[in-house]
Amino acid sequence: EAGVAQSPRYKIIEKRQSVAFWCNPISGHATLYWYQQILGQGPKLLIQFQNNGVVDDSQLPKDRFSAERLKGVDSTLKIQPAKLEDSAVYLCASSPHPGDQPQHFGDGTRLSIL
Amino acid sequence: DAKTTQPTSMDCAEGRAANLPCNHSTISGNEYVYWYRQIHSQGPQYIIHGLKNNETNEMASLIITEDRKSSTLILPHATLRDTAVYYCIGLNQAGTALIFGKGTTLSVSS
């Protein structure tokens, strides 16, 4: 089976610019997660979707971050405007249902803010 | 949320067993312990999980203490490709998302 696809693989922007990341989960997986991984730390959950609805966005900085999964398949995470502290790897994961293990991760988008 | 504690780093010689410990005293009686690993520039990869009994699969073995306050992940014959960060993980309160710590960086050398 095809894995979780993410693009772009790398992105470099200047602070205050906007950026978007795309994720296509494993076919048939209803649950999609976005994680932020700052250098030297483990991934931190930003938002969790069940189909096209948000299950948990308690750790998403909503003043600058937004995410959508309009048709319940692929998803986009956006940052606007970006800050220096947003430099991180953004990981997407999917699972058949909430709480199902294992979660399947993509290889992430590495974002550098100048 | 469940909290876990792991050593920052460990070394292992190729071909030897790697034993990675984890303390998870805050995990409750009905919560699983999950192990994932992350090879450089890749996303985390599931290894194994367990509740009370010891578990084994094609990748590793998991030994959980009787009081469930700690566990040990065992890679029986470590190879250079096992060099990675290993995470011992619990779930959030809702039981739907993984709570990662900083993990243990395992370096396997020849």
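Below or above, wherever it landed, is the structure these notes cover.

Basis of the calculations
Residues numbered from 1 in each chain as written. Chains lettered and ligands numbered in written order. Predicted model: local features only at pLDDT ≥ 70, side-chain atom pairs only at ≥ 80, totals over all residues. Heavy atoms only, no water. Salt bridge = Lys/Arg side-chain N within 4 Å of Asp/Glu carboxyl O. Buried < 20%, exposed > 50% of the residue type's maximum accessible area, 1.4 Å probe, protein only. Helix = DSSP H or I, 4+ residues; strand = E, 2+ residues; numbered from the N terminus. Pairing = 2+ DSSP bridges. Polar contact = N/O pair within 3.5 Å; in protein donor to acceptor, adjacent residues only side chain to side chain. Contact = heavy atoms within 4.5 Å.

1. Here we look at the pattern of salt bridges
- Overall, the coordinates contain three salt bridges over all chains when judged by the stated rule.
- Between Lys62 of chain A and Asp57 of chain A there is a salt bridge whose closest N-O contact spans 3.8 Å.
- For Asp57 of chain A, a relative accessible area of 26% corresponds to the partly exposed category.
- The shortest N-O distance in the salt bridge between Asp82 of chain B and Arg37 of chain B comes to 2.8 Å. On the criterion of sequence distance, the pair formed by Asp82 of chain B in the loop between β7 (70-75) and β8 (84-91) and Arg37 of chain B in strand β3 (residues 33-38) is long-range, its members being 45 residues apart.

2. Details of unusual backbone geometry
- Geometrically, the link from Ser7 of chain A to Pro8 of chain A is a cis peptide bond, its omega value of -5° lying close to zero.
- Looking at the element boundaries, Pro8 of chain A is found in the loop between β1 (5-7) and β2 (10-13).
- Here the bond from Gln80 of chain A into Pro81 of chain A is cis, since omega is -5°, no more than 30 degrees from zero.
- Non-glycine residue Arg68 of chain B carries a positive phi angle of around 65°.
- For Arg68 of chain B, the location among the structural elements is in the loop between β6 (61-64) and β7.

3. Things to note about the pairing of β3 of chain B
All names here are of chain B.
- Summarising burial for β3: six of the six residues are buried, a large majority.
- Both faces of β3 are covered, namely the face carrying Val33, Trp35 and Arg37 and the face carrying Tyr34, Tyr36 and Gln38.
- Here five bridges tie β3 to strand β4 (residues 45-50), and the two strands are oriented antiparallel to one another. Residue pairing for β4: Tyr36 is matched across the bridge by Tyr46.
- Inspection of the sheet shows β3 paired to β8 by five bridges, in the antiparallel sense. What sits directly across from Arg37, in β8, is Tyr86.

4. With respect to the side chain of Gln38 of chain B
- Within the element layout of this structure, Gln38 of chain B appears in strand β3.
- The buried category is assigned to Gln38 of chain B, whose relative accessible area is 10%.
- Engagement of the side chain of Gln38 of chain B in a polar contact is seen with the side chain of Gln37 of chain A, the distance being 2.8 Å.
- Side-chain polar atoms of Gln38 of chain B contact the backbone oxygen of Gln42 of chain B, separated by 3.0 Å.
- Those residues in contact with Gln38 of chain B, other than ones at most four positions away along the chain, are Gln37 and Leu91 of chain A together with Gly43, Pro44, Ala84, Val85 and Tyr87 of chain B.

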